[in-house]
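Here is how the chains run, residue by residue.
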Amino acid sequence: MKEIYLDYQSAKPVDSRVIEGMTKYFHELFGNPSSLHHVGDVATEALEASRKKIANFINADEDEIIFTSGATEAINLGIIGYALRNKNKGNHIIISEIEHISIHNIAKYLEREGFSVSKVPVDQYGKVNLQKLERRITDQTILISIGIASNEIGTIQPIHEIGELAAEKGIAFHTDAVAGEGLVPIDVRKDNINLMALSSNDLYGPRGVGVMYMQKKFRVNPIIIGGGQERGLRSGSEDIPGIVGMRIAAEIMQKEMDTEVKRFQRYRDRMIKQILEEVPDSHLNGHPTDRLASNAHFRFDGIEGESILLSFKDLGISVSTGSACTSKTLEPSHTLIATGLLHEEAHGSLQLTTGRFNVDDDIDIVLEAVPKVVSRLRELSPIYKTRNG
Ligand code: PMP
């Protein structure tokens, strides 16, 4: 049985070209950039060359890049660090209802620390409405944090317009770029992004590495205190092999992204067309066109996402019902609920996300399996049978 992986949004394998480039930094070039000797200098060179390359990938300057241990830490530093640094200017923050769980939990934390947080609702496709966003801005608003795209339903947000609005109102704009990186072009200058989180793994680099981009005149307080690395904003000896890995991953992505995205689009459009045509009472979650090329997200009346996932598991196909970060809870996805779905509708969802190592054959096999699995589960479903006589 061929193993098929269609859950690239949850985790991506590290590209072997990245592993190859990282290897020598574990043993031959193992230095600490804080050391003043030659071995330390070599590590500093690798660190600074990586900073430059990653800055170039998002059209930033190298001194706007802070390396972190991943996206979650970058998001914490960007949002909490900015809020604490600027609390004398105001105590209000705006996020959207469909942000990643880490941002919802940071919002709760900041509320306990005396900040107030508004959540902008989204439409049925998961898009933030700009008028509604503008209406939530007060003279206390210091920060807007809205992700580039949803890691669940794949809807792409009007980032450029949000950045423009924030700049016009003198409010900092933070974006979690994790779901969109490598799939949509990111240009921090063009889109007026002031603070941003990136993860290495979403570029097919190693996990445990990320970046916080911080535009020059924006300042944050550190949340990790120690030896003062990364200009005092992220203490702790730098993970040079990991950072080099992220740099190589970004270089590959810059060269291959256009071609790769076209291939994912082809997979996605085939899956959406064929599943909606062949499976009765099936629906697409997320936006019909403004969606990540890698994302196809469905719901099927009368059946549970978990049972679809387990049936696929038996067939050697790895899929998801939603965010991997929360999928072990029985709560329905906050993103699907925010798009107006009822709990039972949100529970019947299937997320298929493609990536670099998928081939046409994978899509053929999945497309053959979906109608069979759904129809078998519906035969066992008392809810579906009652509804359909
Ligand atoms: N933001 C989004 C949109 C995500 O999907 C994730 C999880 N991959 C994160 C943030 C957190 O990333 P990490 O777990 O790598 O810190």
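In this report, the structure presented in the accompanying data block is examined.

Conventions used here
Residues numbered from 1 in each chain as written. Predicted model: local features only at pLDDT ≥ 70, side-chain atom pairs only at ≥ 80, totals over all residues. Heavy atoms only, no water. Axes fitted to C-alpha atoms, helices over the stretch in contact; angles between N-to-C directions. Helix = DSSP H or I, 4+ residues; strand = E, 2+ residues; numbered from the N terminus. Parallel < 35°, antiparallel > 145°, perpendicular 65-115°, else oblique. Left-handed = near helix turned anticlockwise from the far one by under 90°. Contact = heavy atoms within 4.5 Å. Nonpolar A, V, L, I, M, F, W, Y, C, P; charged D, E, K, R; others polar. Near = heavy atom within 4 Å. Polar contact = N/O pair within 3.5 Å; in protein donor to acceptor, adjacent residues only side chain to side chain. Areas by Shrake-Rupley, 256 points an atom, 1.4 Å probe, with all protein chains shown as cover.

**Some words on the packing of helix H3 (residues 71-85) against helix H4 (residues 101-112)**
Think of two packed helices as two axes; the pair is described by the angle between the axes and how far apart they sit. Two elements in contact, H3 and H4, have axes whose closest approach is 10 Å; the angle formed by their N-to-C orientations is 25 degrees. Considered as vectors, H3 and H4 are oriented roughly parallel to each other. The two elements H3 and H4 cross, and the hand of that crossing is right-handed. Facing H3, whose interface residues are Ile75, Asn76, Ile79, Ile80 and Ala83, H4 presents Ser102, Ile103, Ile106, Tyr109 and Leu110. Split into classes, the residues belonging to the contact of H3 with H4 amount to 8 nonpolar, 2 polar and no charged.

**Details of the site of the ligand**
The environment of the ligand is made up of 8 residues, and the closest members are Ala71, Thr72, His100, Asn151 and Asp176. Take Ala71: an N or O atom from its main chain is 3.4 Å from an oxygen atom of the ligand. Contact distances for the ligand include 2.6 Å between an oxygen atom and a side-chain N or O atom of Thr72. For the ligand, the accessible surface in isolation is 390 Å², of which the surrounding protein chains cover 79%. A per-element tally of the shell around the ligand places H3 first, with 3 residues. The class makeup of the residues in the shell around the ligand is 4 nonpolar, 3 polar and 1 charged.

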